[in-house]
Amino acid sequence: MPGLSPETIDQLVSTAHALADAAREATLLHFRTAGLDADTKESDRFDPVTVADRLSEQKMRDILAERRPMDAVLGEEFGAVAGTSGLTWVLDPIDGTRGYLSGTPTWGVLISVADASGPIYGLIDQPYIRERFEGGFGRARVVGPSGEAALKARPARPLSQAILFSTFPEVGTAAEAEAFRRVSAQAKLTRYGTDCYAYGLIAAGMIDVVVEAGLQAYDVQAPIAVIEAAGGVVTNWQGGPCHQGGQVLAAANRTIHAEVMALLNG
């Protein structure tokens, strides 16, 4: 990676895995426990946050304060801290808190490192099944219960043969939801509700497309790094950068990306 020494890259990678290990411990402490409750961040809809979200992020921030105090940090629960190195750690301590509360093993911990151009390295970690997707700095792999495997997004096939994912059936605004329905109507299979895990499935070559809207930077930066390392494409619905969030179109390859983007903007 231009501008970063091999020693710095090694330190960033080892730090990212240390963060993921700490977040695993923090989140599993409360997962599937009786009486786990959640506050909501918004008054007009249920946007949950639990003690596990806060504990997970705090554990990661403590490690960064010790190992990489010169880096900036952006996290979902505790906001932004400025840095001096030009690098920013972007943290989502539990992506998919609704799934976490429900006991489903499809939530995850998102960790990425970004420079001025966007994410350059990322992890998608699912603590309960101990599966970790890694992308960036020449790495593209998943390690889990079945061992280690290279990540490679699937080759092109028409949308009529493809698998489409989104977290919610109600995608964004009314206009965004209608655009999504145009895509879904032509896909072979549409599935919902897996949060960040769907992005890992693109990188692993299992599905073809994820379409979402209304995301934040911490929702998407780690998936961008992992999917791009696996040969996939992640942009906004117009084909531009999406590392600050908003509309996201993640695709296994440029062919299906172009087909879906045309429908979204049709």
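As a starting point, this report considers the structure included with it. Nothing here was measured: the structure is a model prediction, and the numbers come from that model.

Conventions and cut-offs
- Residues numbered from 1 in each chain as written.
- Predicted model: local features only at pLDDT ≥ 70, side-chain atom pairs only at ≥ 80, totals over all residues.
- Heavy atoms only, no water.
- Buried < 20%, exposed > 50% of the residue type's maximum accessible area, 1.4 Å probe, protein only.
- Helix = DSSP H or I, 4+ residues; strand = E, 2+ residues; numbered from the N terminus.
- Pairing = 2+ DSSP bridges.
- Axes fitted to C-alpha atoms, helices over the stretch in contact; angles between N-to-C directions.
- Contact = heavy atoms within 4.5 Å.

A word on the pairing of strand β15 (residues 245–251)
Among the seven residues in β15, six count as buried, and that is most of the element. Here six bridges tie strand β13 (residues 209–216) to β15, and the two strands are oriented antiparallel to one another. Bridged to glutamine 216 within β15 is glycine 245. Where strand β14 (residues 233–235) and β15 come together, three bridges link them in antiparallel fashion. When the sheet's bridge partners are listed, threonine 235 is paired in β15 with leucine 249.

Looking at the sheet that holds strand β10 (residues 147–150)
Reading across from one edge, β4-β3-β5-β6-β7-β8-β9-β10 is the order of the eight strands in this open sheet, with mixed pairing throughout. Strand pairing shows two members of the sheet lacking a second neighbour, β4 (79–81) and β10, which therefore form its edges. Along the sheet, successive strands turn relative to each other by an average axial angle of 15°, direction set aside. In this structure, strand β3 (residues 72–75) lies alongside strand β5 (residues 88–95), joined through four bridges in parallel fashion. Residue alanine 72 lies in a different strand from β5, and its bridge partner there is threonine 88. In the packing of helix α1 (residues 6–28) onto the sheet, contacts are made with β5, β6 (108–115), β7 (118–126), β8 (131–136) and β9 (139–144), and the angle to β7 comes to roughly 35°. In the packing of helix α2 (residues 51–67) onto the sheet, contacts are made with β3, β4, β5 and β6, and the angle to β5 comes to roughly 155°.

Functional significance is not addressed by these values, which are geometric in nature.
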